[in-house]
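Chain by chain, the residues run as shown.
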Amino acid sequence: MIAIIDYGVGNLFSLRSSFAMIGEDVLVSGDAERIRSAERIILPGVGAFEDAAAKLRQTNLDAAVLEAAAAGKPILGICLGMQLLFEKSYEYGEHQGLALLKGSVVDMRKAIPADLKVPHIGWNALHLKRPHPLFRYIQEGDCVYFVHSYYATDCDQSVIATAEYGAELTAAVAAGNVMGCQFHPEKSGPVGLNILRAFCEI
Amino acid sequence: MITKRIIPCLDVRDGRVVKGTNFLGLRDVSNPVDLARLYSESGADELVFYDITASAEGRALFTDILREVASTIFIPLTVGGGINTVEDFDRVLKCGADKVSVNSGAIRNPQLIEEAAHRYGDQCVVLSVDAKRVAGRYHVFAKGGREDTGMDAIEWIRSGVARGAGEIVLNSIDTDGVKQGFDLEMLAAVCAVVQVPVIASGGAGCIQHFIDLFQTLPQVDAGLAASIFHYGEVEIRDLKQQLAKNDIVARLV
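Quick caveat, the model's predicted, so the values are computed rather than measured.

Colleague: Got a minute to help me understand the pairing of strand S6 (residues 99–102) of chain B in this structure?
Modeller: Regular strands place side chains that alternate from one sheet face to the opposite one. Residues and elements named next belong to chain B. Side chains Lys99 and Ser101 of S6 all project onto a buried face; the interleaved residues Val100 and Val102 project onto the opposite face, where all are buried too. The pairing of strand S5 (residues 77–80) with S6 spans three bridges and is classified as parallel. Opposite Val79, over in S6, you have Val100 as the bridge partner. Note: S6 against strand S7 (residues 125–134), three bridges, orientation parallel. By the bridge assignment, Val100 is partnered in S7 with Val125.

What follows is the structure, given as structure tokens:
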């Protein structure tokens with residue numbers, strides 16, 4: 001069973017529906033005990049980093065994620081949920097993340113030409129940097145749906161896919177059992193569902 | 001690079017999709033869930049649902065449809081029509097909408113844009129504007145294009161973005177339903193003053209109109225249309241392929 005961590009950030013309707021669509025049992029919960037019983041963890045998130053990180057700590061669900069990571073369970077952070085896996089974010093100040101991945105989250109405006117619109121919103125092609133089980137059912141150049149203004153940088157070896165938007169932006173990361181995607185697989189049509197399906201088989 | 005988006009718009013009344021010409025003469029087209037699935041499979045990048053129902057029963061039917069669409073189709077969904085309060089945002093977001101489009105509700109209460117952007121993020125708030133040429137200026141029209149507010153459209157859009165609107169849908173009443181192409185002049189005037197995505201609406205009659213749109217105005221992010229897709233005059237798959245052939249970045253399925 002897959003647990004989608006519900007810590008009061010964002011709308012989980014589509015994420016829950018997309019797992020139902022691919023025939024996976026899913027639990028949407030903010031209860032650490034129930035999350036502990038899951039084999040796989042999804043860490044979602046939209047909005048601002050500081051607020052989301054604070055909510056994750058207030059609910060003590062940060063401990064549940066760290067525990068699952070230490071136990072070797074596959075974890076997938078999505079969008080802001082992916083950003084939370086890093087050491088820190090510089091969104092409106094400097095904030096600590098879960099530090100499951102090396103790197104930090106910074107404003108893309110510092111990296112891309114000034115005439116490009118921010119947020120980076122819409123469908124963009126994935127450039128696969130190395131083979132990974134998450135990509136089992138997708139191909140180089142497949143498009144996925146992004147909505148973000150900050151991106152992960154200095155990620156060491158964890159970048160497995162990027163998207164080109166005036167700069168090479170981190171699109172997907174993985175280090176062992178800890179994975180993340182900046183885009184929304186639950187809004188990326190069949191390509192997105194195939195990424196979730198692949199995650200369920202890891 | 002980010003792709004240009006093609007967005008079919010479904011006006012829903014009493015559980016059915018309808019499309020008017022110049023906002024009048026509504027005609028029934030199809031089942032919204034079937035149509036949404038068809039569009040998604042043929043490569044639509046996003047779907048817009050406008051609730052044009054007035055009754056409470058119709059509204060409940062609309063959210064049922066939305067829920068069904070959102071649980072079977074996994075592309076971004078924007079919902080508009082009858083959005084007057086932050087509670088209306090909440091109602092449709094809970095049914096699976098990703099973005100919410102405000103029009104007359106924001107004209108009556110511009111604060112709505114700020115409140116919603118603050119609660120759900122700028123990316124969630126779409127400002128939809130029906131505009132028409134009046135005495136050499138672009139005026140904002142309310143109530144589905146029936147009422148001239150006298151407001152300057154360019155100023156209204158600029159202030160809407162300042163309040164937190166994350167995206168603009170510009171529907172030209174002058175070109176809507178006429179099928180002679182998008183209102184490039186009006187769109188250029190809007191693109192000159194905002195940095196958020198602009199979605200062109202009103203006037204598409206054939207594939208060439210989308211090519212003209214993106215070639216003439218590369219700042220425009222998306223093209224929205226209804227009847228030409230509903231009646232099969234333009235197939236989204238063909239449209240995407242023609243865009244790609246003309247070196248316009250498009251998502252092919």
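Colleague: Would you take a moment to explain the interface of chain B and chain A for this structure?
Modeller: Size of an interface: often given as the accessible area lost when the parts come together. Tallying the contact residues gives 23 residues for chain B and 26 residues for chain A. Its residues assigned to classes, the side of chain B that touches chain A comprises nine nonpolar, eight polar and six charged.

Colleague: Could you clarify how one ought to interpret the sheet that holds strand S11 (residues 150–153) of chain A in this entry?
Modeller: Whenever strands of a sheet pair, they do so through backbone hydrogen bonds, lying parallel or antiparallel. Residue and element names in this part refer to chain A. Spatially, four strands are ordered S6-S5-S7-S11 in an open sheet, and the strand pairing comes out mixed. Each end of this open sheet is capped by a strand with a single partner; those strands are strand S6 (95–96) and S11. Both strand S5 (residues 86–89) and S6 contribute to a ladder of two bridges, which runs antiparallel. Its bridge partner being in S6, Ser89 is matched across the sheet by His95.

Colleague: In this structure, what is going on with unusual backbone geometry? I would like to understand it.
Modeller: Where the residue is not glycine, phi is negative for most of them; where a peptide bond is considered, it is trans in most cases. Residues and elements named next belong to chain A. Omega for the peptide link from Val118 to Pro119 comes to 5°, which places this bond in the cis form. With respect to the helices and strands, the residue Pro119 is situated in the loop between strand S7 (101–107) and strand S8 (120–125). One non-glycine residue with positive phi stands out, namely Tyr92, at about 50°. Take Tyr92: it is sitting in the loop between S5 and S6. Residue classification places Tyr92 among the exposed positions, given that 12 C-beta atoms sit within 10 Å.

Colleague: Sorry if this is basic, but what is going on with helix H8 (residues 207–216) of chain B here?
Modeller: Spacing of three or four residues puts side chains on the same side of an α-helix, whose turn is 3.6 residues. Residue and element names in this part refer to chain B. Taken as a whole, H8 has its buried residues at His209, Phe210, Leu213 and Phe214. Taken around the axis of H8, the buried residues stretch over an arc of 125°, which confines them to a single face. Exposed residues on H8 whose side chains face more than 90 degrees from its buried face are Gln208 and Gln215.

Colleague: Explain the sheet that holds strand S1 (residues 2–5) of chain A here, please?
Modeller: Residue and element names in this part refer to chain A. In spatial order, the strands read S2-S1-S3-S4-S14-S13-S12-S9; together these eight strands make up an open sheet with mixed pairing. Each of the sheet's edge strands pairs with one partner strand only, and the pair in question is strand S2 (26–29) and strand S9 (127–128). Looking at chain direction, strand S13 (residues 168–175) and strand S14 (residues 178–181) are connected through four bridges and run antiparallel. Bridge assignment links Ala172 to a residue of S14, and that residue is Cys181. Its contacts with the sheet place helix H1 (residues 13–21) against S1, S2 and strand S3 (40–43), and it is angled at close to 165° to S2.

Colleague: When you look at the confidence of the model for chain B in this model, what are you seeing that I'm missing?
Modeller: Keep in mind that low pLDDT regions are not for reading the predicted coordinates in detail. Averaged over all residues, the pLDDT of chain B is 92; the fraction at 70 or higher stands at 96%. In the predicted structure, residues 21–26 of chain B sits below a pLDDT of 50 and forms nine contacts with residues beyond four places in sequence or in another chain.

Colleague: What's the story with the packing of helix H3 (residues 86–94) of chain B against helix H5 (residues 111–120) of chain B in this structure? I'm lost.
Modeller: The description of two helices packed together rests on the angle between their axes and the distance between the axes. All names here are of chain B. Contact geometry for H3 and H5: axes closest at 9 Å, N-to-C directions at 45°. The angle between H3 and H5 places the two elements in the oblique class. For the pair H3 and H5, the crossing hand works out as right-handed. Where H3 approaches H5, its residues Val86, Phe89 and Leu93 are matched on the opposing element by Glu115, Ala116, Arg119 and Tyr120. Classifying every residue of the contact of H3 with H5 gives five nonpolar, no polar and two charged.

The rules we used
Think of each chain on its own: its residues are numbered from 1, step by step along the sequence as written. Just so you know, chain letters begin at A and ligand numbers begin at 1, following the order they were written in. Residue-level local features of this predicted model are given only where pLDDT is at least 70; pairs of side-chain atoms are given and counted only at 80 or more, and the full residue set underlies all totals for whole chains, interfaces and linings. The burial label depends on the number of other C-beta atoms within 10 Å of a residue's C-beta. Counts of 20 or more mean buried, 12 or fewer mean exposed, and intermediate counts mean partly exposed, with C-beta atoms placed from the backbone. A run of H or I in DSSP counts as a helix once it spans at least four residues, and a run of E counts as a strand once it spans at least two, with each numbered from the N terminus. Here a strand pair is declared whenever DSSP counts at least two bridges between the two strands. Any two residues are considered in contact once their C-beta atoms, placed from the backbone, lie within 7 Å. Gly counts as polar in this scheme, as do all residues outside two lists: the nonpolar Ala, Val, Leu, Ile, Met, Phe, Trp, Tyr, Cys and Pro, and the charged Asp, Glu, Lys and Arg. Each direction from the helix axis to a C-beta atom contributes to the arc, which is the arc of those directions. For helices, the fitted axis covers only the stretch in contact; all axes are lines through C-alpha atoms, and the angles between them, taken along N-to-C directions, range from 0 to 180 degrees. pLDDT is defined as a per-residue confidence score from the predictor, taking values between 0 and 100. An angle counts as roughly parallel when it lies under 35 degrees, as roughly antiparallel when it exceeds 145, as roughly perpendicular when it falls between 65 and 115, and as oblique in every other case. Handedness of a crossing is defined here by the sense of rotation of the near helix relative to the far one, left-handed for an anticlockwise turn of less than a right angle and right-handed for a clockwise turn.

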